[in-house]
Amino acid sequence: MTPTYYLVLSAALFTIGAVGVLIRRNAIVVFMCVELMLNAVNLSLVTFSRTTGTLDGQIMAFFVMVVAAAEVVIGLAIIMSIYRTRRSASVDDANLLKY
Amino acid sequence: MEELHLPPIDYAAIAPLLLVFGAGCVGVLVEAFVPRAWRYRVQVPLLLAGLVAALIALISVADKRVSTAGGALAIDGPALFLQGGLVALGIVSVLLIAERRVERGGAFVAQASVVAGTDSDRRQSSQPGATEVYPLTAFALGGMMLFCAANDLVTMFVALEVFSLPLYLLCALARRRRLLSQEASVKYFLLGAFSSAFFLYGVALLYGFAGTMSFTGLREAAAEAGSEDTLLFLGIAMLSVGLLFKAAMVPFHVWTPDVYQGAPTPVTGMMAACTKLAAFGGILRVFTVGFADINLDWEPILIAVAIATMLVGAVMAVTQTDIKRLLAYSSIANAGYVFTGVLALSEEGVAGTMFYLVAYGFTVLAAFAVVTLVRDADGEATHLSRWAGLGRRSPLFAGLFTVLMLAFAGIPLTSGFTSKFAVFSAALGADQVTLVIVGLISSAVLAFPYLRVVVLMYLSEPAEDTPTVSLPGVFTSLALVIGLVATIGLGVVPGPVLELAEQASSFIG
């Protein structure tokens, strides 16, 4: 097993997620990109758990999954409420607050 | 197969945390089983009782210095002091959140799921506000207390999310201007989740570097590292992004004015006072316990961040026309001042930072309490032009707000002066002369928008449509009195609290 491959894959996924957050317009897609970032981190955590020979990383991965699930609930609730009012989930349409 | 042993837990030391989380859990049950008409009368005393009990528990364990729950929690001086500050500020925030006299039914919407602007939304405008806000507040405060005591990265990440998630929801629950409120919430949520992903990647990299998540282990590993260890420095950078976002430091501050403006004002007050305190509690622990030995490697970048924060916050505050946005930019600049205390990396700096956070919290809560009172037919009148002539209409509240503005500007005999003095003298003690000079310049710039509000209130003629200042109910009056007494008290006799902060300024671990 070469841990470097897993770390590079994780970094690539994290970057794809980060770029997605920055360039996508739909709030749901933006949110999915954040989830991609969190799961990319999970891959890193588990790989590091293997390279360092400790269990902390695997435990942390479980915590991350739970937190990500809680975040999905809250995120979708907020995005739904704004979608039902505006009939659009585009982050560009939410532009009342500025300067 | 090795047998698993549960780590011993010092229940007395974590009693304050358990009490606040317990109040939140009981609050959820109240939401489920108590009839709607009774919920408000049960929830408010429940949450206040939980917070007061937590405060008493904190005082009774004030001398404890232990690391418990297998090293996950460090109940040491700074943790206890900051938790005490959080509970005290939390009580004042809850008073503001619970106010229902100023606006009939309170500042929160009855049912957030009803589509804004529809008939059913208009029908619910006279109904009493949602009582879910009390358990949400309890969980947010509990998470912040946990964040200040977290002694490893796992606990810190979980605490970060536990206090952030309820805040995202609280932002969306304003009764009036619901579109603004929802927009603030969605912005806060997306950016907050983005920043916590960075925080988490930082955690992963630091774990990969040290093979442990505890700050003590990280410090030991970092002391042996070379100056070219990518995992370590990338990890610190990513971790800082998440922490600086929560503390609203430049360049991660962009969400602050929007969210502060759109969120219901009592929630804004809580974010400005409690969230800021908790974020700096975490920052203090990460940089003082975890990475103080390798400070030469990261300090220059964070000094630049502090300077940018102080300058951008102050300059942008000058151009604002909305009082909530003005206070938001002022809170950004204040985060810069607090950070100078952190960068001193000394016990004096820790004490000054903690004192600043508590003193600033009381003042900013009182300021937002006044903002909730200045109203016209559409709710709060937050545009500064509407405040013109308010000094003639209601001299008492204008006078009160003037005292608070002077405290923000750092006039002697107010807490603003003593707290700035505490952090800047600590920074000078650590030879951070540049930071102090920039801090003084920024304070001078920032005095202008504060004094402009004062001048606007007194020297302009009141117009026909100048909003009235509502008579505060018992809760808001109490919050205002506490905030004002703390602002002046910590300015005139800062000794006892400052001494307490100094005694509590050393971390364990």
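Residues numbered from 1 in each chain as written. Chains lettered and ligands numbered in written order. Predicted model: local features only at pLDDT ≥ 70, side-chain atom pairs only at ≥ 80, totals over all residues. Heavy atoms only, no water.

Colleague: Any details on the interface of chain A and chain B? Residues and values, ideally.
Modeller: Contact residues are listed per partner, giving 44 residues for chain A and 43 residues for chain B. When chain A packs against chain B, close to 3,700 Å² is buried across both sides, 78% of that on carbon and sulfur atoms. Considering only the surface of chain A that becomes buried against chain B, M60, I78 and L97 of chain A emerge as the three largest contributors, covering 19% of it. Connecting chain A to chain B are 1 salt bridge. E183 of chain B is the partner of R86 of chain A in a salt bridge, and the nearest nitrogen-oxygen pair spans 3.5 Å. The tally of links between chain A and chain B comes to 4 residue pairs in polar contact (both at pLDDT 80 or more). Those elements that place two or more of their residues in the side of chain A that touches chain B are helix 1 (3-23), helix 2 (27-52) and helix 3 (56-86) of chain A. Tallying contributions element by element places helix 3 of chain A first for the side of chain A that touches chain B, with 17 residues. (Contact = heavy atoms within 4.5 Å. Buried area = accessible area lost by both parts, 1.4 Å probe. Salt bridge = Lys/Arg side-chain N within 4 Å of Asp/Glu carboxyl O. Polar contact = N/O pair within 3.5 Å; in protein donor to acceptor, adjacent residues only side chain to side chain. Helix = DSSP H or I, 4+ residues; strand = E, 2+ residues; numbered from the N terminus.)

Colleague: So what's going on with the sheet that holds strand 3 (residues 374-376) of chain B? Which residues, and what values?
Modeller: All names here are of chain B. Spatially, 3 strands are ordered 4-3-5 in an open sheet, and the strand pairing comes out antiparallel. The sheet is open, and its two borders are formed by strand 4 (379-380) and strand 5 (468-469), each paired with just one other strand. Lying on the sheet, helix 14 (residues 347-373) is in contact with strand 3, strand 4 and strand 5; it crosses strand 3 at an angle near 20°. (Pairing = 2+ DSSP bridges. Axes fitted to C-alpha atoms, helices over the stretch in contact; angles between N-to-C directions.)

Colleague: Just give me the short version of the state of the cysteines, but keep the residues and values in it.
Modeller: Residue and element names in this part refer to chain B. Across all of its chains, the model carries 0 disulfides over all chains by this definition. Between C25, a free cysteine, and C274, which holds the nearest cysteine sulfur, the sulfur-to-sulfur gap is 19 Å. The class of C25 is partly exposed, set by a relative accessible area of 43%. (Disulfide = S-S within 2.5 Å. Buried < 20%, exposed > 50% of the residue type's maximum accessible area, 1.4 Å probe, protein only.)

Colleague: Give a detailed account of the environment of R325 of chain B, specifying residues and quantitative values.
Modeller: Residue and element names in this part refer to chain B. Along the chain, R325 falls in helix 13 (residues 323-343). We classify R325 as buried; its relative accessible area is 4%. For the pair formed by R325 and T382, sequence separation is 57 residues and the distance between their alpha carbons is 9.0 Å. Polar contacts involving the side chain of R325 include one to the side chain of Q261, which spans 2.6 Å. Looking at R325, its side chain comes within polar contact range of the side chain of Q320, at 3.5 Å.

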